[in-house]
Amino acid sequence: MTGSSTEKNIERAREQVRILTDKLGRVPTACVVTFGCQMNARDSEKLTGILIQAGFLLVEEESADFVIYNTCTVRDNANQRVYGRLGVCGGFKKKNPHMKIALCGCMMQEPSVIEKIKTSYRFVDLIFGTHNLYRFPEYLADVLEQDRQIIDIWKEPDKIEEDLPVSRKYPFKSGVNIMFGCNNFCTYCIVPYVRGRERSREPKDIIREIENLASQGVIEVMLLGQNVNSYGKGLEEDISFPALLREIEKIGGIKRIRFMTSHPKDLSDELIETIRDSKKICRHIHLPLQSGSSRILKAMNRCYDKEKYLALAAKIRARIPDVSITTDIIVGFPGETPEDVDETIDVIRMVEYDNAFTFIYSKRTGTPAASMPDQVDDKQAHEQFDRVLAEVQKYAKKQSSRFEGRIMEALVEEVNENDPSLLTGRLSNNVIVHFPGDHSLVGSLINVKLNECRGFYYLGEQV
Ligand code: SAH
Ligand code: SF4
Ligand code: F3S
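Residues numbered from 1 in each chain as written. Chains lettered and ligands numbered in written order. Predicted model: local features only at pLDDT ≥ 70, side-chain atom pairs only at ≥ 80, totals over all residues. Heavy atoms only, no water.

Section: the packing of aromatic side chains
What counts, and what does not: Two aromatic rings from Phe, Tyr or Trp, using only the six-membered ring of Trp, form a pair when their centres are within 6.5 Å; if the ring planes differ by under 30 degrees the pair is stacked, by over 60 it is edge-to-face, and anything between is tilted. Residue exposure (1.4 Å probe, protein chains only): buried if accessible area is under 20% of the type maximum, exposed if over 50%, otherwise partly exposed. For a ring to carry a charge above it, either NZ of a lysine or CZ of an arginine must fall within 6 Å of the ring centroid while also lying within 35 degrees of the normal to the ring plane.
Within the structure shown, the criterion is met by 13 aromatic pairs. Taking 5.5 Å as the distance between ring centres and 55° as the angle between the ring planes, the aromatic pair formed by Tyr170 and Phe172 counts as tilted. For the pair Tyr170 and Phe172, a shared accessibility class is recorded, and that class is buried. Taken together, Phe56, Phe66, Phe128, Phe136 and Tyr139 form an aromatic cluster joined through their ring pairs. We note Lys116 situated over the ring of Tyr83; from NZ or CZ to the ring centre the distance is 4.0 Å. The lysine or arginine in question, Lys173, covers the ring of Tyr170, its NZ or CZ lying 4.8 Å from the ring centre.

Some points on the site of ligand 3
As a reminder of what qualifies: Here a residue is near a molecule or strand as soon as one of its heavy atoms is found within 4 Å of it. Only Asp, Glu, Lys and Arg are considered charged in this grouping, and only Ala, Val, Leu, Ile, Met, Phe, Trp, Tyr, Cys and Pro are considered nonpolar; every other residue, Gly among them, is considered polar.
Contacts to ligand 3 come from Cys37, Asn40, Cys72, Thr73, Val74, Cys106, Arg195 and Gln226. Residues of the shell around ligand 3, tallied by class, amount to four nonpolar, three polar and one charged.

Side note on the packing of helix H11 (residues 306-319) against helix H12 (residues 338-351)
Selection rule: Convention adopted: a line fitted to C-alpha atoms gives each axis, helices being fitted over their contacting stretch, and angles between N-to-C directions are expressed from 0 to 180 degrees. Counting from the N terminus, the helices are the DSSP runs of H or I reaching at least four residues and the strands are the DSSP runs of E reaching at least two. Oblique is the label for every angle not falling under 35 degrees (roughly parallel), over 145 degrees (roughly antiparallel), or within 65 to 115 degrees (roughly perpendicular). For any helix crossing, the convention is left-handed if the near helix is rotated counterclockwise from the far helix by under a right angle, and right-handed if that rotation is clockwise. Contacts were defined at the residue level, with two residues in contact if any of their heavy atoms lie within 4.5 Å.
For the pair H11 and H12, the least separation of the axes is 10 Å and the interaxial angle reads 15°. Classified by the angle between their axes, H11 and H12 sit roughly parallel to one another. Note on packing geometry: the crossing formed by H11 with H12 is right-handed. Note on element contacts: H12 touches H11 through Glu343, Asp346, Val347, Met350 and Val351, opposite Lys306, Tyr309, Leu310, Ala313 and Arg317.

Details of the nonpolar core
As a reminder of what qualifies: Side-chain atoms within 4.5 Å are what join buried Ala, Val, Leu, Ile, Met, Phe, Trp, Tyr and Cys residues into a set we call a nonpolar core. Start and end points for every domain follow an automatic or database-based domain assignment.
In this structure, Val221, Leu223, Phe241 and Ile248 are the most contacted members of the largest nonpolar core, which totals 66 residues. Of the residues that make up this core, three or more belong to each of domain 2 (168-282) and domain 3 (283-402). Ala13, Phe56, Ile68 and Trp154 belong to the second largest nonpolar core, which has 27 residues in total.

With respect to H11
How we decide: Given the number of residues in a helix, its expected span is that number minus one, multiplied by 1.5 Å. Note that the arc is computed from the directions linking the helix axis to the C-beta atoms.
Taking 1.5 Å as the rise per residue, H11 with 14 residues should run 20 Å; its terminal C-alpha atoms sit 20 Å apart, in good agreement. Turning to H11, its buried residues number three or more, namely Lys306, Tyr309, Leu310, Leu312, Ala313, Ile316 and Arg317. For H11, the angular spread of buried residues about the axis comes to 160°, placing them on one side. Of the exposed residues in H11, those oriented more than 90 degrees away from the buried face are Glu307 and Ala318.

Considerations on helix H7 (residues 203-215)
Helix length check: H7, at 13 residues, gives a terminal C-alpha distance of 18 Å against a target of 18 Å (1.5 Å per residue), a fit within 8%. Along H7, the positions that sit buried rather than exposed are Pro203, Asp205, Ile206, Ile207, Glu209, Ile210, Leu213 and Ala214. Tucked into the core, H7 has its buried residues touching helix H2 (38-53), strand S7 (173-177), strand S10 (220-224) and helix H8 (241-249).

Concerning the site of ligand 1
To be explicit about the condition: Under this definition, polar contacts are N or O atom pairs within 3.5 Å; protein pairs additionally need one hydrogen-donor-capable and one acceptor-capable atom, and for neighbouring residues in sequence, both atoms have to be side-chain atoms. For the accessible areas, the method is Shrake-Rupley and the probe is 1.4 Å, while residue cover comes only from the protein chains on display.
As a structural note, the neighbourhood of ligand 1 is formed by 15 residues, with Gln226, Pro288, Gln290, Asp328 and Ser362 the closest of them. Side-chain polar atom of Gln290 to an oxygen atom of ligand 1: 2.7 Å apart, as the coordinates give it. At 2.7 Å from an oxygen atom of ligand 1 is found a side-chain nitrogen or oxygen belonging to Asp328. Within the complex, the protein chains bury 90% of what would otherwise be the 540 Å² of accessible surface of ligand 1. Elements with a contribution of two residues or more to the shell around ligand 1: strand S13 (324-331) and strand S14 (355-360). Broken down by class, the residue content of the shell around ligand 1 amounts to seven nonpolar, four polar and four charged.

A closer look at the sheet that holds strand S19 (residues 457-462)
What counts here: One requirement defines pairing of two strands: DSSP has to find at least two bridges between them.
The mixed closed barrel is built from five strands, whose spatial order is S15-S16-S17-S19-S18. Pairs of neighbouring strands in the sheet enclose a mean axial angle of 50°, with direction left out of account. Strand direction decides the pairing type here: strand S18 (residues 445-454) and S19, joined by six bridges, are antiparallel. From the neighbouring strand, Arg454 faces S19, where its bridge partner is Tyr457.

Some words on the domain arrangement of the protein chain
For the record, the criterion: Each of two parts loses accessible area, computed with a 1.4 Å probe, when they are put together; buried area is these two losses added. In what follows, salt bridge is the name for a side-chain nitrogen of Lys or Arg lying within 4 Å of a carboxyl oxygen of Asp or Glu.
Taken as a whole, the protein chain is organised into domain 1 (3-152), domain 2 (168-282), domain 3 (283-402) and domain 4 (407-462). Taken together, the contact pairs five residues of domain 1 with four residues of domain 3. Together domain 1 and domain 3 conceal approximately 400 Å² of surface at their shared face, both sides included; 39% is due to carbon and sulfur atoms. Counting the contacts that link domain 1 with domain 3 gives one salt bridge. One salt bridge connects Asp76 with Arg364, and the closest N-O pair in it is separated by 3.9 Å.

Focus: the pairing of strand S16 (residues 422-427)
A large share of S16 lies buried, amounting to six of its six residues. Burial along S16 is two-sided: the face carrying Leu422, Thr424 and Arg426 and the face carrying Leu423, Gly425 and Leu427 are both buried. Both strand S15 (residues 407-415) and S16 contribute to a ladder of five bridges, which runs antiparallel. Looking at the pairing, Val412 lines up with Gly425 of S16. Looking at chain direction, S16 and strand S17 (residues 432-436) are connected through five bridges and run antiparallel. Paired with Leu423 across the bridge in S17 is Phe435. Between the end of S16 and the start of S17, which pair antiparallel, lie four residues, with Asn430 showing a positive phi angle near 80°.

So, in structure tokens, the structure goes:
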């Protein structure tokens, strides 16, 4: 589908929105509900952009005239939340039969989910998956024109669409996809099955998008990929992730560059040096550990062991002393014993993470780990989870406070939700600081003195 057919379909949708406006006597509303990671958040900005262009008024309420759930299936609780919300939304539809309900995202790539929706949630009007999100304008027009259920799921992508309208959540920062999919097949993970094989975007398209964002006032970009360190594989042009970063560094107007996620197995010395030498790349590396036990790491197919990970973390800390290192940890992987968890805790103590997300292993149908013997029972998993969490929090507190008294640059992201006399800013190392200031500063970079560390955030003052 070319850009012009995107426009043609949006025009078709717009015509339907006009008809609905006359019928309702007001502009129809739309609501986008997002689950999951930054990739999904970025996809939702595209869905929102299309809905706005079609003429909908964007609202937060799920009683809107058009509601779309952009789903995640990385852990079972994400799925359960979608079913829960869908039930509530179905209730709204009973009162407003003209309402349209749509589902998209990672969960929709699972055939068992589609079956369940077809039988138990028949009121859903539109379902599509991760590979055909760019066809949303066409589906939207169809579903508004016709009173029938539309389901279109593709097993694979056919191309990378470059020109969809986007409505950004923040005017001053933006996510930018640099690659899609994943080839790593960690044995617990469903992402490669629902997002397909790894595909890198052309560097020229990425640069053009970021130049464009900069011209619209964006000063911070977050480069998105499941494993950014393998960026460039499969492209005609010989380009690595560090080389891409150096190109992006040259773009005027861009002041901060972030990225996620870095798989430890592919993190090169060149990347560490590029970060160290950069004025724009933020002092934050998210380096998912998953487990500290070499035995479990092997069963997870992570392609590194405890020693290799520790050596990498030590090298990063030594070469970029002000960097913050955060991580993801899974507790309760099949066969994991309390001794394996001791190894994980050992890594937490050695690396002293600035922050960590800890998850209880969730069995994903179709992944190799789902059929491994010795699935860990809930009680043991929760006990071990609590042990890991306590350790993680201890170091996160210690690490956050290491900058107390320093003056650092913060990007002011918003007015504090609880206290409008305060602004909330983010430091290069991803730590949050609250400080008194004028609302007009939102979106700018300013120097803040970090007066007092309150656990995971600072109270500060503008200097
Ligand atoms: N590509 C990223 C991770 C994407 S998923 C990477 O490799 O680092 C985000 C996190 O969800 C993972 O790091 C992992 O900790 C967690 N996760 C993935 N599958 C899971 C599962 N089946 N159960 C529990 N946590 C899981
Ligand atoms: Fe999942 Fe592993 Fe790919 Fe990350 S690298 S998305 S954890 S398979
Ligand atoms: Fe979830 Fe899909 Fe992201 S499964 S974590 S939304 S890639």
